[in-house]
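Structural characterization, general
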Amino acid sequence: MSGKDERVTDDEQPGPDEEELLAAFDRLRPQGSLRWGFDDAMRRVANTDGQAAAGAAPWEGLPTDLWERGRTARIGRRFVGDVAGVLAGLLAADARRVADAAVAGVNAANWDALRYLAARVELLEARVDPVGLEVADLSVPAPDTGEWAEAVGTWLHPSDSESTIFVGELGDGALLDALREAGRRVRGVDPRGASIWEAFARAGREGQPDSADRPAPELVFGEVAGRLATMPDGSTGGVVLSGCVDRLDLVGKVGLVHQAVRVTEAGGAVVLLATDQSAWDRSLPLPARDLLPGRPLHPETWLLLLRRAGAADPVWHRPVQGAVHAVVARVER
Amino acid sequence: MKGIHQFVPMLHSHDAVGEHTRSLRDLLVAAGVPSHVYSEIPDPATAGETRPYLDYESEAEAGDVLVYQFATYSAMAEWVAARPEPLVINYHSITPPEYFGPWNNAITRLQVGARADLDRLAPRAALGIAVSRFDADELGAAGCSRISVIPVVNVQVPPVEPDGATLDRLRERWSDPGGAWLSVGRLAPNKAHQQVIAALFVARATSNPGAHLALVGSPSEPAYAAALRRYASSLGLADAVEFVSGISDAELAAHYRAADVLVMLSEHEGFGVPLVEAMGQGLPIVAFRAGAVPEILGDAGILLDHKGPRRVAEAVCGLTSDSGEQDRLVEAGRVRLRALDLGGAGKLLVEAVQGVSASGGTGP
C-alpha cells in the first residue's frame, strides 16, 4: 500500500449496496422537497430586481421544473409529510400550468397566481405537518415478526416458484432469512439504513450469497410505499409488509394495501404483520404516541381494507407469544 | 506614510480567513507599516477592528497598497477593482457553487458572484498570493499573471497545547481501541462529511462495532448540518456520531490528541488546515485526493483515490489496527510539517506585499 512519494490506494468504485447507502443521504437534500422549491421560487418572484427576475437568476431560472419537484416530493415524504406528498401530485398540474405561464410572459397577474398557489401550499403544509416533526426523529421500534417467520413461507406461492417476494421493512431480518432459507427470491425494502446493512452484512458473512438454493436478496434502502408505486401490476409473487403498516397515516395505509394487491400476481398472497394496538401504545415513548401521524389498525380493519382493495378470503392469525397479528389474503384476477 | 491596507467582506474571529487577515495586519504593524482592515459588513464581534470600506476614499494616501482577502462574493470587489492603488489578491479559494446548489440557492448565487469577482480582479492584480499550488492554478486561470504561493499564517506553530480536562474526558469516553474517528471542518457540502458517516457505518457493521466519530465544525450550512444529523440517526448512529462546534483551540487540540485517526473526505480544499493541525498533534490521517490535499499531505497519510464507504472503512480500520504504520505516518507528519515551514509563512507574506509596495505596484 505504500508508494514512493504518496501512499495511494486505488480500488474499485462503490458497489450497488454502497451507492444505496450514499443515495439515502441525497434524499435528505432540501432541493427534493416541495416546500423548499416553493419557498425558493417565492423569494425569487417576490424580489423583482434584475438579479431575481424570472430566467435571470444565475444558478437556475424560475423553476419551470416546479411540477417535477412535486413528483420528487412524493418520494421525499419525510420532508413534506405523507399527505402533502399525495397532494403534491395534485398540485403539480396547477404548478406546472402557472409556472409555464409565468415563464412565457412575465407579468404581475402570473406572479400573483404563483403567490396564491404558494399560500395554498403553506396552508396545506401547516395542516399535515403542524409540529414539523419527522418520523426519523421519533423512536419507533421495529415490530418483532419472528413468530411468523416460518409461517409466512407457507402462506405464499409454492416454494418452487421463481417469483420474487417483496418484503416491506426488514425488522430484525428473521423473516428475510427464513424466506431465503426456503429458497425464495426476495426483494427487501427498508427506510432504516441499519436494517438494510445488517442484511447485507449477514448475506456477506454467509460467504455464498449467490448460490442457487439461497439466492442473494435484492436489498433497497427506501420507503416501501414509494417502491411499490414504481412496480408494474402483477409483477411479484407476494408482498409481506410490517412496520410501515403500523406507522403510516390512514391515507398512507389505504394506499399501501391497494398497491400491495395491485403488484401481486394472480395466486399470490399479501401478508400484513401488524402490531397489536395496546402493545404499540405500551412500547412507544409518550411524545411519539401522541405525535406520530399513524398508529396500528385493528386486524378487523385490515380485513375490511384488504377486501375493498380486491383481495380474496382475508384471514386473521392471532399471535400466540408476540404482539404482532398476521393478516393474510390471496390475490385473484 | 504609505500603508498596506486589507479589505475583507466581513472580518470574523475563529474563521480561517478572518484569523489570517488579523495575523497579517499584526505582522505589518509590527514591521512598522500602517495597516487597517476595511470591511463591507461589520461583524459585531470584530467591529472595533474594522472600518467601512468607503471610508478609505477619504483616508487613501499616495503609495498605499491594497490587499483583498478573497474567499467569497462581495459588492466591495467592484469598488476595489476600480481603485487606482496597486492591488494584491490574497486568494483563499472559492468553494464551487455546484456544491451548494441542492442546499441553498442564496449561497450558490454568492459563489457564482465570487467567480465573477475573481475574473474581474485577477487580471487587475499586481500580485496574487495563493495558499497552495492548487489555488494558484485557479488564480492563474482567472488571469492573474504574477502569483506567489505562501501557506496560511494562522496555524499555530508550535501546536496548541491540548486542554487537559477535555483530553481526560475524551480519553475516558473513547476507550475502544482504534475506534475514535475524527473529522474536522465546517459542516458544508463540499466537505462530504456524509461519506465519513457512511464509512463509519460500514466499519461498525464489518470490523469495528465500537467505532465512533466526532465531527468538529461549525454548521455553516444549516440544511446540510441538519441532514447530516438525520442521516446518522437513520443509520442507527445517533449515539456513535458526535457533532461538536464552538470549542476553543485547546479543546480542538484535545480532540486531535485523543482521536485515533483523522478522516478527511473533502472534495474541495484550498489548503486543508486540519491536515497540518493533525500532523502537529501526532494524529495519523486518511484523506481523499482532492484540491490541495495531496500537496499539503505529501506522504504523511493514506491518500484515497476512491472513497466508497467500504474502501474508506477498510483504510481506516487497517490503519488503526496497525500500530507500526501509525507510528510511521505520525513521524512522516512531523517531517512534512517541518517541510511546509508554516512558521515562516508570515515573514514571506509580509515580504511579498512589501515588495509590491516598494515597486510601486509593478511587482515584488
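Structure first, text after, so check above.
Parameters and conventions
- Residues numbered from 1 in each chain as written.
- Chains lettered and ligands numbered in written order.
- Predicted model: local features only at pLDDT ≥ 70, side-chain atom pairs only at ≥ 80, totals over all residues.
- Heavy atoms only, no water.
- Helix = DSSP H or I, 4+ residues; strand = E, 2+ residues; numbered from the N terminus.
- Buried < 20%, exposed > 50% of the residue type's maximum accessible area, 1.4 Å probe, protein only.
- Contact = heavy atoms within 4.5 Å.
- Areas by Shrake-Rupley, 256 points an atom, 1.4 Å probe, with all protein chains shown as cover.
- Pairing = 2+ DSSP bridges.
- Axes fitted to C-alpha atoms, helices over the stretch in contact; angles between N-to-C directions.
- Polar contact = N/O pair within 3.5 Å; in protein donor to acceptor, adjacent residues only side chain to side chain.
- Salt bridge = Lys/Arg side-chain N within 4 Å of Asp/Glu carboxyl O.
- Parallel < 35°, antiparallel > 145°, perpendicular 65-115°, else oblique.
- Nonpolar A, V, L, I, M, F, W, Y, C, P; charged D, E, K, R; others polar.

So, on to the overall build of chain A. A tally of regular secondary structure across chain A gives 15 helices and eight strands. With 333 residues in all, chain A has 49% of them scored as buried. Considering only contacts in chain A between residues 6 or more positions apart, those separated by 24 or more positions represent 70%. Surface exposure of chain A reaches about 15300 Å², of which carbon and sulfur atoms provide 52%.

Now for the sheet that holds strand β4 (residues 65–70) of chain B. Residues and elements named next belong to chain B. Strand order in the open sheet made by the seven strands is β3-β2-β1-β4-β5-β6-β7, with parallel pairing throughout. Both outer strands of the open sheet, β3 (50–52) and β7 (147–149), are each paired with one neighbouring strand and no more. Mean inter-strand twist for the sheet, computed between neighbouring axes without regard to direction, equals 25°. In this structure, strand β6 (residues 127–130) lies alongside β7, joined through three bridges in parallel fashion. Looking at β7, one finds that G128 is bridged to I147. Its contacts with the sheet put helix α1 (residues 16–30) on β1 (4–8), β2 (37–39), β4 and β5 (87–91), and the angle it makes with β1 is roughly 170°.

Counting through the fold element by element, Q194 of chain B comes out in helix α7 (residues 193–206). Overall, the relative accessible area of 12% leaves Q194 of chain B in the buried class. Polar side-chain contacts of Q194 of chain B include one of 2.6 Å to the side chain of Y224 of chain B. Contacts of Q194 of chain B, omitting those with residues within four sequence positions, involve F25 of chain A together with Y224, L228 and Y231 of chain B.

In this section: the pattern of salt bridges. Residues and elements named next belong to chain B. Going through the model one piece at a time under the given rule, you end up with 20 salt bridges over all chains. Between E85 and R83 there is a salt bridge whose closest N-O contact spans 2.8 Å. Overall, the relative accessible area of 14% leaves R83 in the buried class. The salt bridge involving R328 is made with E325; its shortest N-O contact spans 3.6 Å. You can see R328 and its partner E325 sitting in helix α13 (residues 323–340), three residues apart, about one turn around the helix. Among the residues examined, R328 registers a relative accessible area of 37% and is labelled partly exposed. Judged by its relative accessible area of 17%, E325 falls in the buried class.

A few words on the packing of α7 of chain B against helix α8 (residues 222–234) of chain B. All names here are of chain B. Across the interface, α7 lies against α8 with an axial gap of 10 Å and an inter-helix angle of 10°. Comparing their axes, α8 and α7 come out roughly parallel. Contacts from H193, Q194, I197 and A198 in α7 reach Y224, L228, Y231 and A232 in α8. Residue classes in the contact of α7 with α8 are distributed as six nonpolar, two polar and no charged.

Our next topic: the pairing of β4 of chain B. All names here are of chain B. Here β4 lies mainly inside the structure; six of its six residues are buried. With burial as the criterion, each face of β4 is covered, one bearing V65, V67 and Q69 and the other bearing L66, Y68 and F70. Note that β1 and β4 share four bridges and pair parallel. Paired with F7 across the two strands is Y68, which belongs to β4. Here β4 pairs with β5 via five bridges, running parallel. Following the sheet pairing, V67 is matched in β5 by V88.

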